[in-house]
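Residue-level structure breakdown
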Amino acid sequence: MTKADADAYADTDGDVHVHDHVDVGAFEELRPLLFSIAYRILGSVSEAEDAVQETWLRFAASSTVPTSTKAFLSATVTRISIDVLRSARVRREEYVGPWFPEPLLSDPYQDPARSAELADSVSMAALLLLERLSPLERAAFLLRDVFGFGFDEVAEAVGRSEAACRQLLVRARRHVQQGRPRFAADRQERQELATRFFDALQNGDVHGLQALLAADVQLVGDGGGKAPQLARTILGPENVSRLLAAVFPWLARIDVTLERHEVNGQPGAILRDRDGKVLQAMVLEVLDGRIQTVRTVVNPDKLGHLGPVADAWAVGRELKQVRRHTS
C-alpha cells in the first residue's frame, strides 16, 4: 500500500488522513499478527478484521511516532478487542444453543519459533477454553504465552502494572491447565483418522465411523437459532455414527458436496450446496487415537467470510422431500 493508497483507504473508512511519519509498510507487514491476536481474543473473523481496521485508523491518525510500531499496534488491537469482547459477552449469554468460534481455514500469522503455541491456541477447543477467562486474563495469556510478548508490552496492552499482569497470567494458566486435554494427537495421526472418518461418512458406513469414535464422543452443533441445528448434543459412538451415517448419503443425493479442509488447525470440512454456497463447517477434535468431538457450525452469520452462504432451511426442506418420496 502506497502513501496515496493509504490516504484514500483512510478517507473511505472514516475520513482520516495519514500522517507523513506513519509507516504504512510496517502496518501491512504486521497485519497478520494483529489479526491473529484479535481473532484469538474474540473468536470471530469478522470482528477481528474490524479490530484490525480500527487499529489502522488510530495508527494513521496518531500524531506521535511510536518507539516500537509492533508494540504500539499490538497494544492498540488488544485494547480494541478487549472492549469488543466485553460487549460481546452479553450477546453470548443470550445466544441460542452452543456458541462456537467462527471457523478459520488458515491463520495468516506464522512464527517458526512459536509454531506449537500458535497451532494449539487457534483450535476451537482452545478458544472455548479461553472463554473461561476474563477479557484481561485472556489477553495477558495470549500475548505472553502464545505470542511471546514481554511483560512490559503486556502491561501496556492491557493497561495494568507488570505485577498485576503476572497475577492475571497465573490465574489464566491455572484455568487453561485445568481444562486442557491430556492426550493430544500428532498431525499425521489426526489426518489419517480424518481421512478414514470422511470416507466412512460419505459412504454411510456406520461401523466404520463407530470404530473411529471415542467412548465419550460428542456431536455438537452451533446454529444460533438461525439455521437447522441439533436439538441437543449427541453422545456416544453408536448414536453419533448412526446419525451421521443416516444423514450424509441423503445430502449427497441433493448435490451437497463435502470439501476437506483444515479448520482452526484441526481436520475438518466445508459442506456446500449444489450452487457452491457454504452450508456448514465441520471440525474434528482428536484425542488419544480417537475422535473425541465433532463440531458443526451452521449459523449463517459465522460462515459469510468463507463465501456466499446457502439457505440451510431450504436445503433441509429439500432433504425431507427427497427422503419422503424415496421411502
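Residues numbered from 1 in each chain as written. Predicted model: local features only at pLDDT ≥ 70, side-chain atom pairs only at ≥ 80, totals over all residues. Heavy atoms only, no water.

**Thoughts on the packing of aromatic side chains**
Geometrically, a pair of aromatic rings is defined through the distance of the ring centres and the angle of the planes. This structure, assessed with the given rule, holds seven aromatic pairs. Arranged with centres 6.3 Å apart and planes meeting at 20 degrees, the rings of Phe-27 and Phe-59 form a pair that is stacked. Taken together, the residues Phe-27 in helix α2 (residues 24-42) and Phe-59 in helix α3 (residues 45-61) connect sequence positions 32 residues apart. Judged by its relative accessible area of 0%, Phe-27 is buried. Judged by relative accessible area, Phe-59 falls into the buried class, the value being 3%. (Phe/Tyr/Trp six-rings, centres within 6.5 Å; stacked < 30°, edge-to-face > 60°. Helix = DSSP H or I, 4+ residues; strand = E, 2+ residues; numbered from the N terminus. Buried < 20%, exposed > 50% of the residue type's maximum accessible area, 1.4 Å probe, protein only.)

**Digging into the layout of surface pockets**
Taken as a whole, the largest pocket holds about 930 Å³ of empty space. Along the walls of the largest pocket sit 38 residues, with Asp-120, Ser-123, Ala-125, Ala-126 and Gln-266 positioned nearest its centre. Of all the secondary-structure elements, those providing two or more residues to the lining of the largest pocket are α5 (115-121), α6 (124-130), α10 (187-203), β1 (213-222), β5 (278-287) and β6 (290-297). Take the lining of the largest pocket: its biggest share by element is five residues, from α5. Considering only enclosed or pocket space, the second largest pocket measures out at about 690 Å³ in volume. (1 Å grid on protein atoms, 1.4 Å probe; cavity = no way out; pocket = protein on both sides within 12 Å on 5 of 7 lines; lining within 4 Å. Points joined across faces, edges and corners; volume = space filled by probe spheres on them.)

**Comments concerning α10**
For α10, built from 17 residues, the straight-helix expectation of 24 Å at 1.5 Å per residue is met to within 8% by its first-to-last C-alpha distance of 24 Å. Along α10, the residues that are buried comprise Arg-190, Leu-193, Ala-194, Phe-197, Phe-198, Ala-200 and Leu-201. All buried residues of α10 lie within an arc of 160 degrees about the axis, which places them on one face of the element. For α10, the exposed residues set more than 90 degrees away from the buried face come down to Gln-188, Arg-196 and Asn-203. In the segment just after α10, Gly-204 is the residue with positive phi, at about 65 degrees. (Expected span 1.5 Å × (residues − 1). Arc of directions from axis to C-beta.)

**Description of the environment of Pro-103**
In this structure, Pro-103 sits in the loop between α4 (69-93) and α5. Every residue in contact with Pro-103, bar those within four places of it in the chain, is listed here: Tyr-39, Val-45, Met-124, Val-263, Asn-264, Ala-281, Val-297, Lys-302, Leu-303, His-305 and Leu-306. (Contact = heavy atoms within 4.5 Å.)

**A look at the pattern of salt bridges**
Enumeration according to the criterion identifies 20 salt bridges in this entry. Residue Arg-58 is joined to Glu-54 by a salt bridge in which the shortest nitrogen-to-oxygen separation is 3.0 Å. One end of the pair is Arg-58 and the other is Glu-54, both in helix α3 and four residues apart, which spans about a single turn. Among the residues examined, Glu-54 registers a relative accessible area of 30% and is labelled partly exposed. Ionic pairing is found between Asp-145 and Arg-173, a salt bridge with its closest N-O pair at 2.7 Å. Note that Asp-145 is positioned in helix α7 (residues 135-146) and Arg-173 in helix α9 (residues 162-179), a separation of 28 residues in sequence. A single network of salt bridges, built from pairs that share partners, joins Arg-92, Glu-131 and Arg-138. (Salt bridge = Lys/Arg side-chain N within 4 Å of Asp/Glu carboxyl O.)

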